[in-house]
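Here is what each chain is made of, one letter per residue.
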Amino acid sequence: GNTAQCMANISINDDHAPTLDCKGDLHLSCDNSNETVIQAWIASFTATDNCDTNVSVSNNYTSGSLTSNCGNEGALTVTFTATDECGNSNQCSANIKITDDAAPTISCPNDLSLSCGGNNSEAIQNWLSSATANDNCDPSVTISNNYDASNLTGNCGTDGQITVTFTATDDC
């Protein structure tokens, strides 16, 4: 017998973008160990696809890009992109927010005792400047005090006692 043939193609097209599992925003307190937490958060963004079992997930985060006048504090939007082998892609964004929610610590100098008479101004100024402070976000904490020389008077002229309050303030 006679036969006739024809051909037809079967095409399977991947025209579906991957599904990107977008996590919520990341909120952190300001300290120097946040980069490890950020990297783990970034790694938690995953994607699946109807055809591809090896979907790549990329992002635009750059380590060290969260800086402000407060040192390690700041906010940043990170964009994640999932791409399958056919070039289909999907995006989502999430925010990293690092805030300074801790007050600085301050160390006051020991009490100062001076003899009456003579010029004690230099000793007092050295004592006032000996207070120290640290902060988890701000490397340059401002230290102030309420010292007022006119309040240091007593019954014998320049004797007396006052309490000086020292205050540490960060830029955040």
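A brief report on the enclosed structure follows. (Residues numbered from 1 in each chain as written. Predicted model: local features only at pLDDT ≥ 70, side-chain atom pairs only at ≥ 80, totals over all residues. Heavy atoms only, no water.)

## As for helix α2 (residues 121-128)
Our working definition: Buried means the residue's accessible area, taken with a 1.4 Å probe over protein chains only, is under 20% of the maximum for its type, while exposed means over 50%, and partly exposed covers the values in between. Labels follow the DSSP assignment, with helices taken as runs of H or I lasting at least four residues and strands as runs of E lasting at least two, numbered in each case from the N terminus. Here, the arc refers to the directions that run from the helix axis to the C-beta atoms. Should any heavy atoms of two residues lie within 4.5 Å, those residues are counted as being in contact.
Where α2 is concerned, the buried positions are I124, W127 and L128. In a view along the axis of α2, the buried residues occupy a sector of 100°, so they form one face of it. Buried positions along α2 lie against β9 (142-145) and β10 (166-169).

## Here we look at the side chain of N34
Condition: Any pair of nitrogen or oxygen atoms within 3.5 Å is treated as a polar contact; in protein, a donor-acceptor pairing is required on top of that, and neighbouring residues in sequence qualify only through side-chain atoms on both sides.
Looking at where N34 falls in the secondary structure, it is placed in helix α1 (residues 34-43). For N34, a relative accessible area of 7% puts it in the buried group. In this structure the side chain of N34 is engaged in a polar contact, spanning 2.8 Å, whose partner is the backbone oxygen of S29. When residues no more than four places from it in sequence are discounted, the contact partners of N34 are L28, S29 and I98.

## Quick word on the packing of aromatic side chains
Threshold: Stacked, edge-to-face and tilted are the three classes for Phe, Tyr and Trp ring pairs, Trp counted by its six-membered ring, which pair at centre distances within 6.5 Å; planes under 30 degrees apart are stacked, over 60 edge-to-face, the rest tilted.
Inspection of the entire model under this criterion finds 4 aromatic pairs. Pairing W41 with F80 gives two aromatic rings, centres 5.8 Å apart and planes at 80°, and the pair type is edge-to-face. Of this pair, W41 sits in helix α1 while F80 sits in strand β5 (residues 74-83), placing them 39 residues apart in sequence. Of the residues examined, F80 reaches a relative accessible area of 0% and is grouped as buried. Geometrically, the ring pair formed by F45 and F80 is stacked, given 3.7 Å between the ring centres and 5° between the ring planes. Remark: F80 occurs in strand β5 and F45 occurs in the loop between α1 and β3 (46-48); sequence separation between them is 35 residues. Exposure class is identical for F45 and F80. Each is buried. Among the aromatic residues, those joined into a ring-pair cluster are W41, F45 and F80.

## Concerning the pattern of salt bridges
Note the following rule: A pair is scored as a salt bridge if a Lys or Arg side-chain nitrogen falls within 4 Å of a carboxyl oxygen belonging to Asp or Glu.
Per the counting criterion, the structure on display carries 1 salt bridge. Residue K23 is joined to D21 by a salt bridge in which the shortest nitrogen-to-oxygen separation is 2.7 Å. Exposure remark for K23: the relative accessible area of 30% places this residue in the partly exposed category.

## As for α1
Considered for burial, the residues of α1 that qualify are N34, I38, W41 and I42. Here the buried residues of α1 occupy an arc of 100° about the axis, which is enough to place them on one side. More than 90 degrees from the buried face of α1, the exposed residues found are T36 and A43. Considering only its buried residues, α1 is in contact with β2 (26-29), β4 (56-59), β5 and β6 (89-99).

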